[in-house]
Amino acid sequence: MAYVTPRKNKDGAVTSHQVKWRLGGRRDGPQQVELFDPDEAGLEAARTFRDAVNEASQQWPAGWVKGKGFIDEQAELEDERYRFRIFARASVENRTGIEEHYRQACLRELDRWIFPTFGECDVRSTEHFSSDTVRAWVRTLEQARVYKGQAPKRGEPKWRKMSPKTIRNLHGLLSSILQEAVTREPPLRTRNPCELTRLPRADDDGAEGSEDIEFLTPEEVEGVISCLELRSDQLLATIKYGTGMRWSEITCLAPVCLENWGAAKPSIRVKRAWKRDGHGGYYIGAPKTKRGRRSVRVSLTVVGAVDELGGGDQEQPDRLYFTGAQGQRLHYSTFYDRWQRAVRRAKAQGLLPLHKHPTPHDLRHSHAAVLISEGRGLTYVQRRLGHESIKTTSDTYGHLLPEADDDAMDAIERSLGRGSAGAGAVVVEEQTANRDRVYVVAFPGDHVEAFWNPDDASAVAEQWPLDHPEVDEGVQVQVLTTDWWRRQQTDGLKDVREGLPGRRQLWVGSALYMTDGAAFSTGADLEEVAARWAWEWEEHYDVAGAVAEVSHLPGPTMLTEAVVHGSDREQVVEAFARARGDALAICGRHPGIVREGRQGASAEGSS
């Protein structure tokens, strides 16, 4: 039942009256809170709201928007199709190209986190759905307390703050539904109010219980594996580390997946994975993505582990190597508990540092780290791990690339932007007496960079396109003679690089608006501030703080652009919000409108 409680400061003075209740009246329902003024009028309003919550079966009363009150006291819509609860459900249920378990997950998130605030609102209303109401809702998510996994049978679960990633996912779900209202024919809304919401940073998660990637050394992996009690668990961890397979893939492993077994180059064909059926169950289907269906070459140790499990059993080709107690799917939680016991033993025996807290999935990350440390490129790692996009590989493991060269620590400092820009880039000609060729990287736009070390050239040629996904043109590495390069360049060999060039992270925001103020998407513009990498020869590399620019773009579409670059994320976020406001203020004064008006007047006069 909902109840009213005063909120007091350290002096005992009432600062507000709170109405608290568990959503739906369930013991495990999320805690809901609404605030009212500290005076007698606020107390009376709180009691009235409490009664409304109890009458609504511990749900938010119809027509009430958190922090705003009853926007529509009648709470009745002329057309029920536009009630957000109905519109959102239809939007999710009619989506194509998604798996059923994801559809059901979206519906659960709507019921738990979005409908309590917006369920009874009109999807067309600029009062119900505005930047203010969306920001107020995001603020409630930031204050929400959740727990991970299932609630324990006894005692209270371990509560923690909702992670920034979860908040961004929920905001993205709401935004996608409102965007559908914007793009409807005819449109139900002119703008998506979610566009201007400032969200918590996904890379700065201070929530209790959040997990970071742990990269384990081969010796640390061996130490944890040796502490696993069951031999089958040791073999599973060995194969997972040796192949980098996902949990859903490795627990589907069967003799039918083996290729060229017993030959010189054996491999495992990853073509099966456990999939959710959307109703609490699982079935064996195709891997996560198209690139997930792949062949993974395996080492002799992995071959030995598979053979110990039964190898290429021709009589039972679909027999799972790893199962639970009843011969069914091996649950991650079952293995996870045994893994954690092994981690504790490894730490007690000095086999694993105390500051590391690896999960079974970190075996996949550690597999990738070993490949990169041995000089394998991100494209190879992407294909081996089955990432659909190389951006995923770059975002997860790109920072490991410089560590592949233990002799280039000074270059790493420059690449991270902590050293002086361009330091070490100049090479005197006396040092090149015994060098007969240079390795030249040709970028789009006729820019070139020359290197003495072919590995440096390859690393730059591989990393630059990952930093510039919006550029379709490729990057090429050419091998040229020293004499030819000296003759072509004004400075001779002085511009040939001895190490990696400077590279630093910037924050970028860009938005386009049409003359009526509607957002215009090209697929390359950014809906919010995002991280981008800049190399020392590129524009904005030396920008400090934030630099904004708002301008009218030429062309028949008559677009107005807001662009912000800078090294300080907070300043860029603030500058981007101002720049978008400035762009909206002037988009209706695009010079193209004036020209069209003059041409129209001219044509009318001539007729």
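Only a predicted model underlies this, so the values are computations on that prediction, with no experimental measurement involved.

Analysis parameters
- Residues numbered from 1 in each chain as written.
- Predicted model: local features only at pLDDT ≥ 70, side-chain atom pairs only at ≥ 80, totals over all residues.
- Heavy atoms only, no water.
- Helix = DSSP H or I, 4+ residues; strand = E, 2+ residues; numbered from the N terminus.
- Buried < 20%, exposed > 50% of the residue type's maximum accessible area, 1.4 Å probe, protein only.
- Contact = heavy atoms within 4.5 Å.
- Areas by Shrake-Rupley, 256 points an atom, 1.4 Å probe, with all protein chains shown as cover.
- Pairing = 2+ DSSP bridges.
- Axes fitted to C-alpha atoms, helices over the stretch in contact; angles between N-to-C directions.
- Salt bridge = Lys/Arg side-chain N within 4 Å of Asp/Glu carboxyl O.
- Patch = residues over 30% accessible without salt bridge, like charges linked within 9 Å, V, L, I, M, F, W, Y side chains within 5 Å.
- Lys, Arg positive; Asp, Glu negative; His and termini not counted.
- Charge placed at Lys NZ, Arg CZ, Asp CG, Glu CD.
- Phe/Tyr/Trp six-rings, centres within 6.5 Å; stacked < 30°, edge-to-face > 60°.
- Lys NZ or Arg CZ within 6 Å of the ring centre and 35° of its normal.
- Core = buried A, V, L, I, M, F, W, Y, C linked by side-chain atoms within 4.5 Å.
- Arc of directions from axis to C-beta.
- Disulfide = S-S within 2.5 Å.
- Expected span 1.5 Å × (residues − 1).

**Quick word on the overall build of the protein**
Per the secondary structure count, the protein includes 18 helices and 19 strands. Of all 607 residues assigned to the protein, the portion counted as buried reaches 44%. A sequence separation of at least 24 residues applies to 62% of the contacts in the protein between residues at least 6 apart. When the accessible surface of the protein is summed, it comes to about 32600 Å², and 47% of that surface belongs to carbon and sulfur atoms.

**Description of the sheet that holds strand S17 (residues 530-535)**
Taken in spatial order, the 4 strands line up as S17-S16-S19-S18 in an open sheet, and their pairing is antiparallel. Because the sheet does not close on itself, it has two edges, and the strands there are S17 and strand S18 (547-552). The average undirected angle you get between the axes of adjacent strands in this sheet is 30 degrees. Across 6 bridges, strand S16 (residues 503-513) lies against S17 in antiparallel orientation. Opposite arginine 504, over in S17, you have alanine 534 as the bridge partner. Of the strands in this sheet, S16 and S17 touch helix H15 (residues 454-467), which is tilted by about 145 degrees from S17. In this fold helix H17 (residues 569-586) packs onto S16, S18 and strand S19 (560-566), with an angle of close to 165 degrees to the strand it touches most, S19.

**Here we look at the sheet that holds strand S14 (residues 448-451)**
Strand order in the open sheet formed by 3 strands is S14-S13-S15, and the pairing between neighbours is antiparallel. Where the open sheet ends on each side, the last strands, each with one partner, are S14 and strand S15 (476-481). Geometrically, the sheet is characterised by an average inter-axis angle of 30 degrees between neighbouring strands, direction not taken into account. Bridge count between strand S13 (residues 437-442) and S15: 6 bridges; the pairing is antiparallel. Within S15, the position partnered with valine 441 by the bridge is valine 477. In this fold H15 packs onto S13, S14 and S15, with an angle of close to 5 degrees to the strand it touches most, S13.

**Notes on unusual backbone geometry**
Omega for the bond connecting glutamate 185 with proline 186 falls within 30 degrees of zero, at -5 degrees, which places this linkage in the cis form. Relative to the helices and strands, proline 186 resides in the loop between helix H5 (164-183) and helix H6 (218-226). Of note in the backbone geometry, glutamine 58 takes a positive phi value of approximately 65 degrees without being a glycine. Assignment of secondary structure puts glutamine 58 in the loop between helix H1 (40-55) and strand S4 (64-65). Classification of glutamine 58 as buried rests on a relative accessible area of 7%. Although it is not a glycine, histidine 540 sits at a positive phi angle of roughly 75 degrees. For histidine 540, the location among the structural elements is in the loop between S17 and S18.

**Section: the pattern of salt bridges**
Enumeration over the complete set of coordinates arrives at 22 salt bridges. The salt bridge partner of arginine 139 is glutamate 142, with a shortest N-O separation of 3.3 Å. A residue pair is termed a helical-turn pair when its members lie 3 or 4 positions apart in one helix, as arginine 139 and glutamate 142 do in helix H4 (residues 131-143) at 3 residues. Where glutamate 249 meets arginine 246, a salt bridge forms, and the shortest distance between an N and an O atom there is 2.8 Å. The network of salt bridges with common partners includes Glu80, Arg83, Arg85 and Glu120.

**Considerations on a positive patch on the surface**
There is a patch of like positive charges on the surface, built from Lys290, Arg291, Arg293 and Arg383. Within the secondary structure, arginine 293 sits in the loop between strand S11 (282-285) and strand S12 (294-297). Overall, arginine 293 belongs to the partly exposed group, its relative accessible area being 36%.

**Some remarks on the environment of valine 475**
Of note, valine 475 is situated in the loop between H15 and S15. Along the sequence, valine 475 and tryptophan 464 sit 11 residues apart, while their C-alpha atoms lie 8.0 Å from each other.

**Topic: the packing of aromatic side chains**
Tallied over the full model, the rule gives 13 aromatic pairs. Put simply, the rings of Phe84, Phe115, Phe118, Phe129 and Trp137 touch in pairs and so form one group of aromatic residues. The positively charged end of arginine 329 is found above the aromatic ring belonging to tyrosine 282, 3.5 Å away from the centroid. Just above the ring of tryptophan 507 sits the side chain of arginine 569; from NZ or CZ to the centre is 5.4 Å.

**Here's the deal with the nonpolar core**
The biggest cluster of nonpolar side chains holds 36 residues, and the ones touching the most others in it are Val224, Ile239, Leu253, Ile268, Tyr321, Phe322 and Trp339. Only H6, helix H7 (231-243), helix H8 (247-250), strand S9 (267-270), helix H9 (300-308) and helix H10 (332-348) provide two or more residues apiece to this core. Among all residues touching leucine 253, those that are not within four sequence positions of it are Ile239, Met245, Ile268, Arg319, Leu320 and Tyr321. In this structure, Phe87, Phe118, Ala144 and Leu188 belong to the second largest nonpolar core, which totals 32 residues.

**Some points on helix H2 (residues 84-93)**
Listed as buried for H2 are Phe84, Phe87, Ala88, Ser91 and Val92. Taken down its axis, H2 places every buried residue within 125 degrees of arc, on the same side.

**Some remarks on the state of the cysteines**
Counted by the stated rule, this structure contains 0 disulfides. Here cysteine 252 stays unpaired: no disulfide links it, and the sulfur of cysteine 257, its closest cysteine neighbor, is 7.6 Å away.

**Focus on H10**
Quick reminder: α-helices carry 3.6 residues per turn. Residues three or four places apart thus point the same way. Relative to the 24 Å expected for 17 residues at 1.5 Å per residue, H10 spans 24 Å between its end C-alpha atoms, a close match to the ideal helical length. For H10, every residue scored as buried is listed here: Phe335, Arg338, Trp339, Gln340, Ala342, Val343, Ala346 and Lys347. Looking at the buried side of H10, the elements it contacts are H6, H7, H8 and helix H11 (362-373). Remark: glycine 350 follows H10 within two positions and exhibits a positive phi of approximately 75 degrees.

**With respect to the side chain of serine 175**
The topology assignment puts serine 175 in helix H5. Serine 175 gets classed as buried once you look at its relative accessible area, which sits at 16%. If sequence neighbours within four positions are ignored, serine 175 has contacts with Asn192 and Cys194.

**Thoughts on the pairing of strand S2 (residues 14-22)**
As defined by bridge partners, strand S1 (residues 3-8) adjoins S2 across 6 bridges and the pair is classed as antiparallel. The partner of threonine 5 across the bridge, within S2, is glutamine 18. Taking the residues between adjacent antiparallel strands as the criterion, S1 and S2 are bridged by 5 residues, where glycine 12 takes a positive phi near 90 degrees. Strand direction decides the pairing type here: S2 and strand S3 (residues 31-36), joined by 6 bridges, are antiparallel. Bridging from a neighbouring strand, valine 19 pairs with glutamate 34 of S3.

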